[in-house]
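# Geometric and topological summary
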Amino acid sequence: MRNQTQHFAFTFTSLKDAPFNPQVYSRLKFGSNQAAKAMGRILAESFYKAHTDRLLTEQFVVIPSPYNYVKNAATVLSEHFVDHLNYLVALGGGHALEWDIVHRKVSYINDYGFLSKEDRKALIDGDTFSINKDFWGTKNLIFIDDVNITGTHEDKLIEILDSENVENDTFFLYFAKYWGTEANTEAALNFSWVDSVPTFVQMIKSEPDAKCLVRPIKYLMSQSEVTFKVALSQLPTSYVEQLFFGCIAEGYDKIEKYEANFAFLRHFFEGNILNK
């Protein structure tokens, strides 16, 4: 029998009473490494305080939200979580946590934040997932996501663990858990700071270590041709290069909705970045 435990750094019932800054969360979702570091450290300290004894004496594997090639926001948060938690564990004389991923081939381009739990489940059921059960052995498992709104991702992970007869003690960690009933809360969170392409471009230009993630790629590729061209002309070429290769790796170059913008992106890449 598998023991399962949820852990949240924060809980909230509305954006108005959220004990964290929704705008920092929005920056995280669009690639802010600074936001990811701050939030990852908060979650690490919260989890260490709750489970110090086990962390200092047992083996743990940290597994971020499943992805394919381009990272999602929860993955970057998880990387900083591991770094800071390893620091705390080392101070206590324990051993470093290990890292693994659940490979996920996504079958859709919809913005998850606008969907109901039923619609989310219908989409996620079309994805394929692969786990590394042999590597896990009998170690404790820590699955991390940035926020728990409907619980659809956790339900899917539990379904996978059950189908693979995984019996390891399992922790589901979230920076925040939403206990309210508003269906659009995640979308409101996601766009509470980055609410336009100019705002997004400004953030990327102001943070040299910003990450090119799945959400901002899909956000940019879905813009009108004019807006997309203006954004490309303003973004750092290093970011545009990541955008180009990320589109190919995720198969976005084959999606009809993105066809015109990808054609321009490829032209821009070949004329301004390739062989430079």
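The text that follows walks through the structure, step by step, so that each part is easy to find. (Residues numbered from 1 in each chain as written. Predicted model: local features only at pLDDT ≥ 70, side-chain atom pairs only at ≥ 80, totals over all residues. Heavy atoms only, no water.)

A few words now on the packing of helix H9 (residues 197-206) against helix H11 (residues 225-234). Packed helices, taken two at a time, are described by the angle between their axes plus the distance between the axes. Across the interface, H9 lies against H11 with an axial gap of 10 Å and an inter-helix angle of 15 degrees. Between H9 and H11, the angle falls in the class roughly parallel. For the crossing formed where H9 meets H11, the hand is right-handed. Here Val197, Val201 and Lys205 of H9 come into contact with H11, specifically with Thr227, Ala231 and Gln234. Here the residues of the contact of H9 with H11 are counted per class, giving three nonpolar, two polar and one charged. (Axes fitted to C-alpha atoms, helices over the stretch in contact; angles between N-to-C directions. Helix = DSSP H or I, 4+ residues; strand = E, 2+ residues; numbered from the N terminus. Parallel < 35°, antiparallel > 145°, perpendicular 65-115°, else oblique. Left-handed = near helix turned anticlockwise from the far one by under 90°. Contact = heavy atoms within 4.5 Å. Nonpolar A, V, L, I, M, F, W, Y, C, P; charged D, E, K, R; others polar.)

Membership of the largest hydrophobic core comes to 35 residues, with the highest contact counts inside it found for Phe12, Phe81, Leu85 and Ile142. Element by element, the count of residues in this core is highest for helix H4 (residues 73-91), at eight residues. Residue contacts for isoleucine 142: discarding those within four places in its chain leaves Phe47, Phe60, Val61, Val62, Ile63, Phe81, Leu97, Phe171 and Leu173. With 31 residues, the next largest nonpolar core counts Met203, Ile217, Phe268 and Phe269 among its residues. (Core = buried A, V, L, I, M, F, W, Y, C linked by side-chain atoms within 4.5 Å. Buried < 20%, exposed > 50% of the residue type's maximum accessible area, 1.4 Å probe, protein only.)

What follows covers the sheet that holds strand E3 (residues 98-99). The strand order across the open sheet built from five strands is E1-E7-E6-E2-E3, with neighbouring strands paired in parallel fashion. Because the sheet does not close on itself, it has two edges, and the strands there are strand E1 (4-12) and E3. Summarising the sheet, strand E2 (residues 60-64) and E3 pair through two bridges and their orientation is parallel. Bridge pairing in E3 places valine 62 opposite tryptophan 99. Sheet contacts for helix H7 (residues 152-163): E1, strand E6 (140-148) and strand E7 (170-178); angle to E7, the most-contacted strand, approximately 170 degrees. (Pairing = 2+ DSSP bridges.)

Below, the discussion takes up unusual backbone geometry. Notably, asparagine 165 is not glycine yet its phi reads approximately 55 degrees, a positive angle. Within the fold, asparagine 165 resides in the loop between H7 and E7. What makes asparagine 165 exposed here is its relative accessible area of 59%.

Of all the residues in H11, the buried ones are Phe228, Ala231 and Leu232. Relative to the axis of H11, the buried residues are bounded by an arc of 100 degrees and lie together on one face. Exposed side chains of H11 directed beyond 90 degrees from the buried face belong to Val226 and Ser233. Buried residues in H11 make contact with H9, helix H10 (214-221), helix H12 (237-250) and helix H13 (259-272). (Arc of directions from axis to C-beta.)

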